[in-house]
Amino acid sequence: MKQPRWTAHGLRALAAALLVAGSAAAQPDAAAQADAAWQAHDYATARPLYAALAADPANHVAQYRYSVILDAGYGAGRDPEAAMRYRRQAAEGGNADAQTNLGYMLSWGDGAPKDLPAGIGWLEKAVA
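Conventions and cut-offs
- Residues numbered from 1 in each chain as written.
- Predicted model: local features only at pLDDT ≥ 70, side-chain atom pairs only at ≥ 80, totals over all residues.
- Heavy atoms only, no water.
- Phe/Tyr/Trp six-rings, centres within 6.5 Å; stacked < 30°, edge-to-face > 60°.
- Helix = DSSP H or I, 4+ residues; strand = E, 2+ residues; numbered from the N terminus.
- Buried < 20%, exposed > 50% of the residue type's maximum accessible area, 1.4 Å probe, protein only.
- Arc of directions from axis to C-beta.
- Contact = heavy atoms within 4.5 Å.

Draft legend 1. The arrangement of the packing of aromatic side chains in detail. The tally for this structure, following the rule as stated, stands at five aromatic pairs. Aromatic side chains Tyr43 and Tyr74 sit 4.2 Å apart centroid to centroid with 15 degrees between the ring planes, which places their arrangement in the stacked category. Taken as a pair, Tyr43 in helix α3 (residues 43-54) and Tyr74 in the loop between α4 (60-72) and α5 (80-92) lie far apart in primary sequence, 31 residues in all. Classification of Tyr43 by relative accessible area gives buried; the value is 14%. With centroids separated by 5.0 Å and ring planes inclined at 75 degrees, the aromatic side chains of Tyr66 and Tyr86 adopt a geometry described as edge-to-face.

Structure, rendered in structure tokens:
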């Protein structure tokens, strides 16, 4: 049986692939970095990470956490309008924390126009 012959080009390609794989494994992904910053209450770090993650329409956890950061002004100034937009997007995507928070906000008129039937509706969705 013949042994495979490695060409210089093939060896360079293999070395480049191993370097890329090694550097990717050495750096935690953005979600892990954002979650670690969130847990450490390091919102200046978490804010831009969650901003990027929240751009994904399917990432409802990032959308909710980013909405909390925006609403409270953690890491920079407050942006209540953007906070509500991301919170609603997360709630519509099924995030129970966002649904609960949105339900209370609408029920009490806190950060949103008071709409008791809509607030109750979101609270019922969160329970379900």
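Draft legend 2. Layout of helix α2 (residues 30-39). Inspection of α2 places Ala34, Ala37 and Trp38 among the buried residues, and these make up the whole buried set. Each buried residue of α2 sits inside an arc of 105 degrees when the element is viewed along its axis, so together they form one side. Considering only its buried residues, α2 is in contact with α3 and α4. Taken from the residues just after α2, His41 is the one with a positive phi, measuring 60 degrees.

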